[in-house]
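Structural description and commentary
Letter by letter, the chains look like this.
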Amino acid sequence: MITDSKLAKEIIAKRVAKELKDGQLVNLGIGLPTLVASYVPEEMKITFQSENGMVGMGPKARLDEEDTDLVNAGGQCVTVLPEGSFFDSSMSFALIRGGHVDVTVLGALEVDEEGNLANWIVPGKMVPGMGGAMDLAIGAKLVIIAMQHTGKGKPKILKKCRLPLTAKSQVNLIVTELCVIEVTTKGLLLKEIHKDTTIEEIKSVTEADLIISDDIKIMDV
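Source: prediction; values computed, not measured.

Some thoughts on the overall build of the protein
Helix and strand content of the protein: four helices and 15 strands. Expressed along its principal axes, the backbone C-alpha trace of the protein runs to roughly 45 × 35 × 30 Å. The long-range share in the protein, meaning contacts at least 24 apart out of those at least 6 apart in sequence, stands at 62%.

Here we look at the environment of V105
Relative to the assigned elements, V105 resides in strand β5 (residues 103–106). A relative accessible area of 0% means that V105 is categorised as buried. In sequence terms V105 and Q76 are 29 residues apart; their C-alpha atoms lie 17 Å from each other. What V105 contacts, discounting residues up to four positions off in sequence, is V16, N27, L28, G29, P33, V36, I144 and A146.

Notes on the pairing of strand β2 (residues 47–50)
Note that strand β1 (residues 25–28) and β2 share three bridges and pair parallel. By the bridge assignment for β2, L25 is matched with T47. Where β2 and strand β3 (residues 54–60) come together, two bridges link them in antiparallel fashion. Bridge assignment links S50 to a residue of β3, and that residue is M54. As consecutive antiparallel partners, β2 and β3 are separated by three residues, and within that stretch G53 has a phi angle of approximately 115°, a positive value.

What about the sheet that holds β1?
Here we have ten strands laid out as an open sheet, ordered β4-β3-β2-β1-β5-β8-β12-β13-β14-β15, and mixed in their pairing. Sheet topology places β4 (78–86) and β15 (210–218) at the edges, where each strand pairs with a single neighbour. Taking each pair of neighbouring strands and ignoring which way they run, the sheet shows an average axis angle of 30°.

Quick notes on unusual backbone geometry
Residue K152 is not a glycine yet carries a positive backbone phi of 55°. Inspection of the secondary structure assignment puts K152 in the loop between β9 (150–151) and β10 (154–155). In this structure K152 comes out as exposed when scored by relative accessible area, which is 84%. Notably, S169 is not glycine yet its phi reads approximately 55°, a positive angle.

Section: the side chain of N116
Tracing the backbone through its elements, the reader meets N116 in the loop between β6 (110–112) and β7 (117–118). Only 3.3 Å separates the side chain of N116 from the side chain of E114, close enough to count as a polar contact. A polar contact of 2.8 Å, which involves the side chain of N116, links it to the backbone nitrogen of S169.

What to know about the environment of V221
Its place among the elements puts V221 in the segment after β15. Along the chain, V221 and E10 lie 211 residues apart, while their C-alpha atoms are 8.9 Å from each other. Setting aside residues up to four positions removed in sequence, V221 forms contacts with I11, K14, R15 and H194.

Things to note about the sheet that holds β6
Strand order across the open sheet formed by three strands is β7-β6-β11, with mixed pairing between neighbours. Since the sheet does not close on itself, it has two edges, and those belong to β7 and β11 (157–158), each with one partner. Alignment of β6 against β7, held across two bridges, turns out to be antiparallel. Counterpart to V111 in the pairing with β7 is L117.

Analysis parameters
Residues numbered from 1 in each chain as written. Predicted model: local features only at pLDDT ≥ 70, side-chain atom pairs only at ≥ 80, totals over all residues. Heavy atoms only, no water. Helix = DSSP H or I, 4+ residues; strand = E, 2+ residues; numbered from the N terminus. Contact = heavy atoms within 4.5 Å. Buried < 20%, exposed > 50% of the residue type's maximum accessible area, 1.4 Å probe, protein only. Pairing = 2+ DSSP bridges. Axes fitted to C-alpha atoms, helices over the stretch in contact; angles between N-to-C directions. Polar contact = N/O pair within 3.5 Å; in protein donor to acceptor, adjacent residues only side chain to side chain.

Interpretation note: all reported values are geometric properties and have no functional meaning in isolation.
Now the structure itself:
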């Protein structure tokens, strides 16, 4: 089990970055998903979109280059590439709802065997708002969940989500610090595992049933 949270997030972000392809328009959700931009090879042409009205977003800004007027959807100071552009929310969500986003990378509170996603609210707790997660989960061509495998020691990959859903049956891929899981019509297919874990350990911290791939691989991170 990987207990270092910072290391776990780094593993996840590195592995998700390997799913991206040249020429794609990619949206990164707030929190852990924003780390993915730092692990995309310089020679690869990926255009990052931020739902608050930016295309051509660069990596997170260093302390000496922070501009408080240049932030991503999570309020973090970021950079912008020379070809970047800015626009209002109506244009930003037209891109998302119009099916123009190739990949969205989102965090999650829960995911289940049917590819259902819960990531916007815990009943009874204050939240800043649902943001664009519902639109992104429905509008993007590929939905990747980037999250730590458990939360406070409890499984986050469930037989059935218990929290209010963000989207139903929209998740395509789940990447955690322990493994890579594909959501298929037959269930959750375990495709890759981290070198420092085992299939048995992954099963012990996963409530959902897992189909073990005949060609299971070690995560490339």
